[in-house]
Amino acid sequence: MSTSSATAQLAALIITALTARSIYRLFLGPLSKFPGPKIAALTSLYEAYYDCYKDGGGRYYIEINRMHDEYGPIVRINPWELHIRDPNWNEVYKVARRAHKPLWYYRFLGPPDNAFSSVCAESHRRRREAINPYFSPAAIARHQPEVERLLRGTEKVVRLDDAFRALATDGATGFAFRKPFGHLDSPDFEHAGNRALRMLGWLGVVNRHLRGVVLWGFKTLMPQWLALKINPGSLGVRGFYTTSLGLSEGCAEKGEAETDLVRQILNSNLPPHEKTLAFITRESCAVALAGTESTGSVLSVTVYHLLSHPERTARLRAEVKVAYEKYGQPPTFQELRELPYLGGVVNEGLRLDSIAGRLPRLDPKNDLVYEGLVIPKGTYISTTQKDTHFCADIFSDPHDFRPERWLDVAERKRLSRYLAPFGRGARSCIGTEIALMEIYLCLGRLFSPEAGFELELHDIDFEQDVHFFHDFFSPFPMSTRGIRAFVRWEKGGVNECY
Ligand code: HEM
């Protein structure tokens, strides 16, 4: 057979296979009965366009919302996934369902070799059980002095979003390795590294669509000079892993009595091949990364909203002051948690910010039902917390930051049912209490009578600099200008902050 006829046959074969796949996806497959645009049912390139390119990427959530407006509460958003926009439906996240996470979507995190990105419920259960004791109430309480120590560094605020990301990074790494990375000590709060995390978010989304090639190439093949040219903070991203590796090594060499995440994993029942240094580093790195952008972003947005409502800041200051007087010393995390107005502030911050991405799952064994429609087992199905958090039927004027909505006890009970910033079910956030501790202590100290300084926002455009625009799983605003403020020290003097 000549080369040209072999090529023609191969081309004919590919065209036939693609045509057969298209007919199956559009007319014969089990998802063909669900509403949604044909183009999304036909190819995932439609999603890839919004995720990787449109308006800088991370914009498929806007298109998904448009689809819901047109087609109703359940839509087919790609060839294999249904999305539901209904605050009262969370069937797939129930613990008893033991749903899996789809590999293709969670590729934004790299290989599925840690609790966060584990694909099947069984391997997740094993890995989560291994690290769970390290997140016990006693462990969280032990972490409070470390967070307190870190907070003393927040007095030298430069750019608020960088400062809060540095605090979150040091909080999460200090928890995992018992030794923070030290980002709060950096004069600009590791600004370049924070920028790089944003790029990593976008790369992760591209990685999802290119079957994992991007992150692998970035980590292993790309020379350092090129990575630096593309983004000066790239070293920060690589540094995140190499610093974690060094700290994991150090932890592993310490005595058995030591308490850190590495020692916890070494003492667990995981099989030996999941206790290698590389494996442990990826698990602890995943924990640290999961706690970095999320908490940093929530704190930034919450403080922005407080500072842009002076009457709310004043109310918070007054409440915190009374607590200082009551306890005669800085209130602890648990004491701050009792403050109703601060509680409303934290809930509003978590509602307006937190994770941006949809959270897909699949139940491999059982069909699901939505409003009489049977969703066949093995179908990827997702909901997005933000749809509920911004649902006007539940949270009136949902885009407003309004801590007062949480003050009435009965109303708080109703609203709490719909607030799920940390996800739901067996795969919900293991770091919830650490995140809350950092947020409560940070706000409690920043707006305390002993803070020693006041903050004033400087040249901020809400739509550009604060409002969630890109879904790189974590939410990112349109611009990279950050949240800037003047720091007015009580003893006089002003530091302008960028
Ligand atoms: C405000 C801050 C935070 C928010 C909003 C948040 C939110 C979430 C959400 C929604 C998930 C579920 C993701 C999914 O279903 O795919 C998750 C998982 C996770 N989070 Fe967080 N998180 C925060 C802080 C933290 C912190 C401080 C840590 C650790 C120090 C952490 C560690 C993790 C880990 C390890 C998982 C995976 C759990 C598993 O699959 O078993 N998070 N987080």
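Before any of the text, the structure's been laid out above.
Structural notes, computed from the coordinates. The structure presented is a predicted model; accordingly, all values stated were derived computationally and were not measured. (Residues numbered from 1 in each chain as written. Predicted model: local features only at pLDDT ≥ 70, side-chain atom pairs only at ≥ 80, totals over all residues. Heavy atoms only, no water.)

When its secondary structure is counted, the chain shows 22 helices and ten strands. For 498 residues, the compact-globule formula gives about 23 Å, and the C-alpha radius of gyration of the chain, at 24 Å, lands near that figure. Taken over the C-alpha atoms alone, the chain extends approximately 85 × 55 × 45 Å along its principal axes. A total of 498 residues make up the chain; the buried ones form 55% of that total. About 22000 Å² of surface is accessible on the chain, with carbon and sulfur atoms providing 58% of the total. Of the charged side chains in the chain, 62 are positive and 58 negative; the average position of the first set lies 6 Å away from that of the second. (Helix = DSSP H or I, 4+ residues; strand = E, 2+ residues; numbered from the N terminus. Rg over C-alpha atoms; globule rule 2.2 N^0.38 Å. Buried < 20%, exposed > 50% of the residue type's maximum accessible area, 1.4 Å probe, protein only. Areas by Shrake-Rupley, 256 points an atom, 1.4 Å probe, with all protein chains shown as cover. Lys, Arg positive; Asp, Glu negative; His and termini not counted. Charge placed at Lys NZ, Arg CZ, Asp CG, Glu CD.)

Let's shift gears to the site of the ligand. If you check the shell around the ligand, you find 29 residues, and the closest are Tyr 106, His 124, Arg 128, Arg 361 and Cys 429. Here Arg 361 contributes a side-chain N or O atom positioned 2.6 Å from an oxygen atom of the ligand. Elements supplying a minimum of two residues to the shell around the ligand: α6 (121-131), α14 (277-290), α15 (293-307) and α21 (432-446). Take the shell around the ligand: its biggest share by element is three residues, from α15. Residues of the shell around the ligand, tallied by class, amount to 16 nonpolar, nine polar and four charged. (Near = heavy atom within 4 Å. Polar contact = N/O pair within 3.5 Å; in protein donor to acceptor, adjacent residues only side chain to side chain. Nonpolar A, V, L, I, M, F, W, Y, C, P; charged D, E, K, R; others polar.)

In an ideal octahedron of six donors the angles at the metal are 90 or 180 degrees, and in an ideal tetrahedron of four donors they are 109.5 degrees. A lone protein donor contacts the iron atom of the ligand, and this donor is Cys 429 (SG), found at 2.3 Å. Here Cys 429 shows up in the loop between α20 (409-416) and α21. (Donors = N, O, S within 2.8 Å, 3.2 Å for Na, K, Ca; no water.)

Mapped onto the elements, Arg 405 comes out in the loop between α19 (385-389) and α20. Non-local contacts of Arg 405, meaning those with residues more than four positions away in its chain, are made with Glu 348, Arg 351, Phe 395, Ser 396, Asp 397, Pro 398, Asp 400, Glu 411 and Leu 415. (Contact = heavy atoms within 4.5 Å.)

Once that is clear, we can look at the pairing of strand β7 (residues 468-472). Most of β7 is tucked away: five of the five residues are buried. Bridge count between β7 and strand β8 (residues 474-477): four bridges; the pairing is antiparallel. Following the sheet pairing, Phe 468 is matched in β8 by Pro 477. Between β7 and β8, which follow one another and run antiparallel, lie one residue, and Phe 473 among them has a positive phi close to 70°. (Pairing = 2+ DSSP bridges.)

Let us look at the environment of Arg 85. Here Arg 85 is to be found in the loop between β2 (81-84) and α5 (103-106). Separated by 398 residues in the primary sequence, Arg 85 and Ile 483 place their C-alpha atoms 31 Å from one another. Beyond its immediate stretch of four places on either side in the chain, Arg 85 contacts Asn 65, His 68, Asp 69, Pro 73 and Asp 387. Polar contacts involving the side chain of Arg 85 include one to the side chain of Asn 65, which spans 2.9 Å.

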